[in-house]
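So you can see what is in the structure, the chains are spelled out below.
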Amino acid sequence: MQLLAVGLNHTTAPVSLREQLALAPDQLGQAVQAARGWFARIDARGGDEAAILSTCNRTEMYAASDVANPLDASAHFLADYHKLNFAELRPHLYMLPHDAAVRHAFRVASGLDSMVLGEPQILGQMKDAMRLADEAGGLGTYLHQLFQRSFSVAKEVRSTTEIGAHSVSMAAAAVRLSQRIFDKISDQNVLFIGAGEMIELCATHFAAQNPKNITIANRTMERGETLAHRFNGRAIRLAALPEQLAQFDIVISCTASSLPLIGLGLVERAIKARRHKPMFMVDLAVPRDIEAEVGRLDDVFLYTVDDLGQVVQTGLESRQAAVAQAEAIIETRVQSFMHWIDDRAMVPVIQDLQENSEAMRLFELERAKKMLARGDDVDAVLDALSKGLTAKFLHGPQQALHRAQGDERARLATLLPQLFRGRR
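Not measured: the values here are computed from a predicted model. (Residues numbered from 1 in each chain as written. Predicted model: local features only at pLDDT ≥ 70, side-chain atom pairs only at ≥ 80, totals over all residues. Heavy atoms only, no water.)

Student: Now, about the nonpolar core: what can you tell me, with residues and values included?
Tutor: Core analysis: the biggest nonpolar cluster contains 70 residues, and Leu3, Tyr62, Leu89, Met126, Leu146, Phe147 and Phe337 have the highest contact counts within it. A per-element tally of this core places helix H14 (residues 320-373) first, with ten residues. Each residue touching Leu89, except ones within four places of it in the same chain, is listed here: Leu8, Leu17, Leu21, Leu78, Ala79 and Leu84. Counting residues in each nonpolar core, the second largest holds 37 residues, with Ala173, Leu177, Ile250 and Val282 among its members. (Core = buried A, V, L, I, M, F, W, Y, C linked by side-chain atoms within 4.5 Å. Buried < 20%, exposed > 50% of the residue type's maximum accessible area, 1.4 Å probe, protein only. Helix = DSSP H or I, 4+ residues; strand = E, 2+ residues; numbered from the N terminus. Contact = heavy atoms within 4.5 Å.)

Next up, the structure:
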């Protein structure tokens, strides 16, 4: 089995490509099963493991496979599954084998590979990815161990370093950008589209600025009303956006919709109704909730998740010491995991040795019982038993030493005495 990680993220691909590979949580199970089927078609022996992590910043597959060239197979799967041209996708992919894949998983879980350095949301997203992969039958010994150790490493990094201290969240970055457009947030009407974790975080940050009012637009009114109540706001249905969009100065959207919710025509009508008063819009969704063409309008300031990521990078220098400390922890844990992998590779060898040894033991034991049954002297039987076992155990090594030549014989001559130097 070879461990690997193949995918793309905010550093290797723009949001326009990331949204084409993005998968909603309810799509991950099917994708995991498709990945295992892809490996099975290459090698019918099966036994391959797969899990897929998909967030606004990354889509990547973790796998354990014994097919020939599993990295290439995984990369072609991502292109085929999403109906993308492989030659165009390949330059944006990272393809990480063995310890590089383990190191990557540990860094992702610890928040070192995030757009917001040290952000905690990715850990929960990885746990969800593991659970969904397990439910789809994608997890086996290797990936289960990889994820469990990733979570353990993340906990150690967060508890022993300052990696998350002073970080600027995407929500805080959205507030900061809006303050470049409007002098006072307290004079603005704010609309949040969606009711998930990121919207809740954004609403918390904007509520601290005491906006004129807060509105939550969501498909499910119950969830929208619950969130709106927390911030003394109101809830509306998504279907009401065409009639009400013009009322809002600030619009933050982050849903799991596979298609844009706000198109160019809708925003053009809203801007006309606002008499060209500026509108600040942030699209944190991948795939995007707001059509990219909206950003071309003169009176609209549209920012994507990548735009906010550039704001977030401010202040990274102050955290470099914590990053170095976290990287050192991760490197130690990577070596520990690879040692476990090496041990796993020896399991079949050990089992084979044990089975052969047991067969030898049973053969000599049965011979000894027959000798005792016909009345042979006990001491003679025990002597024959011990000599028979010794001869059988030494036969293989002696034959190997006899057949070997040159450097191989010299290595065996050094190794074999160590293997058979028992306790006296």
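Student: Help me get a handle on the pairing of strand E5 (residues 189-193), residues and values and all.
Tutor: Across the five residues that make up E5, a large majority, five, are buried. Residues Asn189, Leu191 and Ile193 line one face of E5 and the alternating positions Val190 and Phe192 line the opposite face, and both faces are buried. Summarising the sheet, E5 and strand E6 (residues 213-218) pair through five bridges and their orientation is parallel. Counted as the bridge partner of Asn189 is Asn213 from E6. Taking the sense of rotation as the criterion, the β-α-β connection linking E5, helix H9 (residues 197-207) and E6 turns out right-handed. Both E5 and strand E8 (residues 250-253) contribute to a ladder of four bridges, which runs parallel. Within E8, the position partnered with Phe192 by the bridge is Ile252. (Pairing = 2+ DSSP bridges. Right-handed = clockwise from strand over helix to strand, strands pointing away.)

Student: Residues and numbers for the layout of surface pockets, please.
Tutor: Roughly 200 Å³ of volume is contained in the second largest pocket. Taken together, Leu353, Asn356, Ser357, Met360, Lys392, Phe393, Gly396, Pro397, Leu419 and Phe420 make up the lining of the second largest pocket. Counting only elements with at least two residues in the lining of the second largest pocket, the list comes to H14 and helix H15 (378-403). Taken together, the residues of the lining of the second largest pocket break down into six nonpolar, three polar and one charged. (1 Å grid on protein atoms, 1.4 Å probe; cavity = no way out; pocket = protein on both sides within 12 Å on 5 of 7 lines; lining within 4 Å. Points joined across faces, edges and corners; volume = space filled by probe spheres on them. Nonpolar A, V, L, I, M, F, W, Y, C, P; charged D, E, K, R; others polar.)

Student: Can you tell me about the UniProt feature "binding site: NADP(+)" (unreviewed entry) in the protein chain, naming the residues and giving the values?
Tutor: In the numbering adopted here, UniProt assigns the feature "binding site: NADP(+)" (unreviewed entry) to Gly194, Ala195, Gly196, Glu197, Met198 and Ile199. Relative to the elements of secondary structure, Ala195 occurs in the loop between E5 and H9. If we skip the residues at most four places from it in the chain, Ala195 touches Asn218, Arg223 and Leu227. Within the secondary structure, Met198 sits in helix H9. Contact partners of Met198, with chain neighbours within four places excluded, come to Met170, Cys254 and Leu284. (UniProt positions renumbered as here; feature names shortened; annotations may be inferred.)

Student: Kindly report on the sheet that holds strand E9 (residues 279-283), identifying the contributing residues and their values.
Tutor: Hydrogen bonds between backbone groups are what pair the strands of a sheet, and the pairing can be parallel or antiparallel. Spatial ordering of the open sheet is given by E7-E6-E5-E8-E9-E10, a layout of six strands whose pairing is parallel. Edge positions in the open sheet fall to strand E7 (234-237) and strand E10 (300-304), since each of these has one partner strand only. For this sheet, the mean angle separating the axes of adjacent strands, direction not counted, is 20°. Against the sheet, helix H13 (residues 305-312) makes contact with E9 and E10, and its axis sits at roughly 80° relative to E10, the strand it touches most. (Axes fitted to C-alpha atoms, helices over the stretch in contact; angles between N-to-C directions.)

Student: Quick one: what's the story with the environment of Gly124, residue by residue and with numbers?
Tutor: Counting through the fold element by element, Gly124 comes out in helix H6 (residues 121-135). Note on Gly124: relative accessible area 33%, which makes it partly exposed. A sequence separation of 27 residues divides Gly124 from Phe151, and the C-alpha atoms of the two residues are 9.5 Å apart.

Student: Give me the sheet that holds strand E2 (residues 49-54): which residues, what numbers.
Tutor: Judged by pairing direction, the sheet is antiparallel, and its four strands sit side by side in the order E2-E3-E1-E4 without closing on themselves. The open sheet has two edge strands, E2 and strand E4 (94-97), and neither has a second partner. With strand direction ignored, the average angle separating the axes of adjacent strands in the sheet is 15°. In this structure, E2 lies alongside strand E3 (residues 58-65), joined through six bridges in antiparallel fashion. Each bridged residue has a counterpart across the sheet, and for Ala50 the counterpart in E3 is Ala63. Running over the sheet, helix H2 (residues 25-42) touches E2 and E3 and is turned about 140° from E2. Helix-sheet contacts for helix H5 (residues 98-110) involve strand E1 (2-9), E2, E3 and E4, and the interaxial angle to E4 is about 115°.

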